[in-house]
Amino acid sequence: MAVEHRPPAGAVSGRQEKARPMTKITPQQRAACRLCVTENLPFALWREPGDDGFRMICGSGAPRVEPVFGGSGGQPAFVMAPFRTDDGNRAWHLPAEVLITADGARFWTGAGFSQTPVTPAQSRLAGGAEGGGIQAPATTVPVPEPVSAPDYEARVTRAVAAIHAGACDKIVLSRVDARDLPVGHDLCALADDLARVHPHAFVSLVSSQPTGTWLTATPEILLHADDTGLRTMALAGTQWPDPDSDPDTDPADLIWSDKIVEEQGFVAAFIRDAFAAEGIAGVSETPPATVRAANLYHLRSDFRAPAAPEPQLAGLLRRLHPTSAVCGMPRAGAHDFILAEEGDTRSFYTGYLGPKRVGAGTRLYVNLRSARVLRDRILLHVGGGIVAASDPALEWQETVEKTRTIGQVL
Ligand SMILES: C=C(O[C@@H]1C=C(C(=O)O)C=C[C@H]1O)C(=O)O
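What you see is a predicted model; the values in this text were computed from it and never measured. (Residues numbered from 1 in each chain as written. Predicted model: local features only at pLDDT ≥ 70, side-chain atom pairs only at ≥ 80, totals over all residues. Heavy atoms only, no water.)

Visitor: Looking at this structure, I do not really get the overall build of the protein chain. What am I missing?
Guide: Within the protein chain one finds nine helices and 21 strands. Overall, the C-alpha framework of the protein chain stretches about 60 × 55 × 40 Å when taken along its three principal axes. Relative to its 410 residues, the protein chain shows a buried fraction of 54%. Within the protein chain, contacts between residues at least 6 apart in sequence are counted, and of these 74% link residues at least 24 apart. Roughly 16,800 Å² of accessible area belongs to the protein chain as shown, and the carbon and sulfur atoms make up 53% of that amount. Treating the 39 positive side-chain charges of the protein chain as one cloud and the 47 negative ones as another, the clouds have centres 5 Å apart. (Helix = DSSP H or I, 4+ residues; strand = E, 2+ residues; numbered from the N terminus. Buried < 20%, exposed > 50% of the residue type's maximum accessible area, 1.4 Å probe, protein only. Contact = heavy atoms within 4.5 Å. Areas by Shrake-Rupley, 256 points an atom, 1.4 Å probe, with all protein chains shown as cover. Lys, Arg positive; Asp, Glu negative; His and termini not counted. Charge placed at Lys NZ, Arg CZ, Asp CG, Glu CD.)

Visitor: Before we go on, may I ask you to explain the pattern of salt bridges in this structure?
Guide: Opposite charge on two side chains allows them to pair when their charged atoms are near. In the structure shown here, the tally under the stated rule is 18 salt bridges. With a shortest N-O distance of 2.5 Å, Glu39 and Arg124 are connected by a salt bridge. Remark: Arg124 occurs in helix α3 (residues 120–127) and Glu39 occurs in helix α2 (residues 27–39); sequence separation between them is 85 residues. For Glu39, a relative accessible area of 35% corresponds to the partly exposed category. What makes Arg124 partly exposed here is its relative accessible area of 44%. The residue Glu342 makes a salt bridge to Arg346 at a minimum N-O spacing of 2.8 Å. Summarising the burial analysis for this pair, Glu342 and Arg346 share the class buried. (Salt bridge = Lys/Arg side-chain N within 4 Å of Asp/Glu carboxyl O.)

In short, shape yes, function no, at least from these values alone.
Listed below in structure tokens is the structure:
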């Protein structure tokens, strides 16, 4: 299996001394980002898997909770939904008043994007602000406490007991790991670094008053929908390279235990059922295969389906979020167990996020390998699926390995 080690401390400073590769966030995006954090205006900056550059949307209007599919109004937006929600099709919409790409800024007119600003606020946003490092705006929202290894392992033990007692087949637990951010740090540099080291992830930096500021490098599609069709995936099971393993081993040779094959199977069955219950036919599904995400390996099967009308998409999204990859199975029991153990601490972690009608269709990702950014601290949210055979110490280690996706650039 291919081995990716965390660089030793010396290697990190060596990397910083080398000329930084050309930044992918453009000077105009960076300036707009600085203006938005200074004035606490909503913005989202993201890089799609495999793309070269970032896109950015920002605006001066407050985000609103609206249906993702089947709502009124066609304004492009970046959407973000929390883990806990009564209606999985409703999300915060950060409106795209200004869209900034590598080609410059474009401005929402109410009917489309124009090359010239139509409001004074749009001109200001496109001009941005000058200055140094970009830090998250201050927040008054309560933030969760970090969880120690003994506490997390005790949670896992209780989840295993609940599964043995027949309450659920799978429960996804999570915890928070808090790190200090250096004085004068720069969030755009962090997002750039994340995009560079994780070319196959969806990388984003999003900030608004109701959502707080989040940094994400997720490997997981929740739902992509455009004129050509629908896409989702069942991603579960986690392995990380043994430091002594042969770096040339092919990931396809990785062996998955029955426990993990079963766990991934639960997620795939959940997705299959969601399509069927929504009456969406013509769904194709690949057999599970090993995929790499940063320093981790997962088992993944991909689903594709023909394009569907908005009401059907709304129904599908309600059924998919939160999936059994991030909540558990059956969903209601796992959800109750999570709230009882973790409290309501996940916020937007294991929710979803992504662009809606910016370019082709709507592209929603699961908000995983993500962190809430405060002014001087970053809270990494990490979790894993617990089944009857789970070992508490290994589950703790899995969450430690998952902190490296973002931890690698801190
Ligand atoms: C919950 C997380 O990841 C999810 C859980 C996985 C697992 O249980 O093995 C694997 C991928 C994700 O679907 C996370 O990264 O925090």
